[in-house]
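Structural overview
As a plain string of letters, each chain reads:
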Amino acid sequence: MAMTITEITRRAGAHTKRRRVGRGEGSGLGKTSGKGHKGEGSRSGGLKGGMYEGGVFPLFRRVPKLGFNNAEFRTEYQVVNLKDLEARFDDGAHVTAASLHELGLVRSAKAPVKVLGDGQIKKKLVVEAERFSAKAAQGIEKAGGTVKRLGPQPKKKFIKRPEEPKAKPEGKKSKGGEEGETKEAKPEGKKAKGGGEGEEPKAEKKKQKKPAEGGESAGE
């Protein structure tokens, strides 16, 4: 005769008797029932959470609260890989959260699902999920399948615009002028800085020697 699970747990002592307190001092748990004398621990409703520190400033108030934690607001996805779809579904099957739940690949049929690209897939499947990795979507479509994204998809934070082709200048741009503009020739009559065409030479002034006293020249 085969042994049942109930017989095993009964022999192993899975069910222990409840400890009875306050039934006389001879039991070891009489009088104060194991709670000792006085203090918060002997009162009903005391020591909940174990954060009481005897009147000092509590630890959870001394620790600074910094930064941001997204644990309360983040979305938890149920992960399924390509190798799981290849092993558990037939060719041409329609994969949904409900079908994944029936096969035991996910825990809930209502929670969002994300398909990752671990493994290879050769079957033609129609896969519905909230998120797909780039490798998973490429693998499903390469095998001839279809990818259906459910719900709103995340938007790209930054999209780089294509660079516009630069227009070539029609003419060379001169300094201080517009494109195609040529420099005007300076008139010949005007005097240029530092000398140039049309400049009249200055007459050189000869230094005259002063006459010596008495009308005689300095050389005599």
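The structure reproduced in this document is the subject of the present report. As a convention, each chain's residues are numbered from 1 in the sequence order in which they are written. Totals for whole chains, interfaces and linings use all residues, but because this is a predicted model, local features are given only for residues with pLDDT of at least 70 and pairs of side-chain atoms are given and counted only at 80 or more. Processing note: side-chain calculations cover all non-hydrogen atoms of the structure and skip hydrogens and water entirely.

What follows covers the overall build of the protein. Numbering of helices and strands starts at the N terminus; helices are DSSP runs of H or I of at least 4 residues and strands are runs of E of at least 2. Scanning the protein from N- to C-terminus turns up five helices and six strands. Listing the helices and strands of the protein from first to last along the sequence gives α-α-β-α-β-α-β-β-β-α-β. For the protein, the accessible surface area stands at approximately 20,400 Å², while carbon and sulfur atoms represent 51% of it. Per-residue and other accessible areas were derived by the Shrake-Rupley procedure at a 1.4 Å probe size, with only the shown protein chains allowed to occlude residues.

Before going further, it helps to examine the sheet that holds strand S5 (residues 131–132). Pairing between two strands requires that DSSP report at least two bridges joining them. Overall, parallel pairing links the three strands, which are arranged S1-S3-S5 in an open sheet. Every other strand in the sheet has two partners, leaving strand S1 (78–81) and S5 as the edge strands with one partner each. Two elements, strand S3 (residues 113–116) and S5, share two bridges in a ladder whose sense is parallel. Within S5, the residue paired with Val 115 across the bridge is Phe 132.

Now for the pattern of salt bridges. We define a salt bridge as a side-chain nitrogen of Lys or Arg found within 4 Å of a carboxyl oxygen belonging to Asp or Glu. Under the criterion given, the structure shown has two salt bridges. Residue Asp 118 pairs with Lys 83 through a salt bridge whose shortest N-O separation is 3.3 Å. Within this pair, whereas Asp 118 is found in the loop between S3 and strand S4 (126–129), its partner Lys 83 is found in helix H3 (residues 82–88), the two being separated by 35 residues in sequence. Residue Asp 118 is classed as partly exposed on the basis of its relative accessible area, which comes to 40%. With relative accessibility at 43%, the residue Lys 83 sits in the partly exposed group. Residue burial is assigned from relative accessible area. The probe radius is 1.4 Å, only protein chains are included, and a residue is buried under 20% of its type maximum, exposed over 50%, and partly exposed in between.

For the rest of this paragraph, the subject is the nonpolar core. Of all hydrophobic cores here, the largest spans 20 residues; its most connected members are Leu 85, Leu 100, Val 115, Leu 125, Val 127 and Phe 132. Counting residues per element, this core draws most heavily on helix H5 (residues 134–142), which supplies three residues. When near neighbours in sequence (up to four residues on either side) are disregarded, Leu 100 contacts Val 80, Leu 85, Phe 89, Val 95, Leu 105, Val 106 and Val 113. We define a nonpolar core as any set of buried Ala, Val, Leu, Ile, Met, Phe, Trp, Tyr and Cys residues linked to one another through side-chain atoms lying within 4.5 Å. By definition in these notes, contact holds between two residues if any of their heavy atoms fall within 4.5 Å.

Before going further, it helps to spend a moment on the side chain of Ser 133. With respect to the helices and strands, the residue Ser 133 is situated in the loop between S5 and H5. Every residue in contact with Ser 133, bar those within four places of it in the chain, is listed here: Val 115, Leu 116 and Gly 117.

Strand order in the open sheet made by the three strands is S2-S4-S6, with parallel pairing throughout. Unpaired on one side and paired on the other, strand S2 (94–95) and strand S6 (146–149) mark the two borders of the sheet. Examined bridge by bridge, S2 and S4 share two bridges and lie parallel to one another. By the bridge assignment, Val 95 is partnered in S4 with Val 127. Each axis is a line fitted through C-alpha atoms, taken for helices only over the stretch in contact, and angles between the N-to-C directions span 0 to 180 degrees. Of the strands in this sheet, S4 and S6 touch H5, which is tilted by about 140 degrees from S6.

In the cavity and pocket records, a cavity denotes points on a 1 Å grid over the protein atoms alone where a 1.4 Å probe fits but cannot get out, a pocket denotes an open set with protein on both sides within 12 Å along at least 5 of 7 lines, and lining residues are residues with an atom within 4 Å of a point. Grid points are joined across faces, edges and corners, and a volume is the space filled by probe spheres set on the points. Of the pockets and cavities examined, the largest pocket occupies roughly 200 Å³. Together, Leu 82, Gly 119, Gln 120, Ile 121, Lys 122, Lys 135, Gln 138, Gly 139, Lys 142 and Ala 143 line the largest pocket. Charged means Asp, Glu, Lys or Arg here, nonpolar means Ala, Val, Leu, Ile, Met, Phe, Trp, Tyr, Cys or Pro, and polar covers whatever is left, Gly included. Class assignment for the residues of the lining of the largest pocket results in three nonpolar, four polar and three charged.

With that settled, the discussion passes to a nonpolar patch on the surface. A grouping of Met 3, Ile 5 and Ile 8 is seen on the molecular surface, where their side chains present a nonpolar patch of about 310 Å² in accessible area. One can find Met 3 in the segment before helix H1 (5–12). For Met 3, a relative accessible area of 48% gives the class partly exposed. Nonpolar side chains (Val, Leu, Ile, Met, Phe, Trp, Tyr) within 5 Å and like charges within 9 Å form the patches, drawn only from residues with over 30% relative accessible area and no salt bridge.

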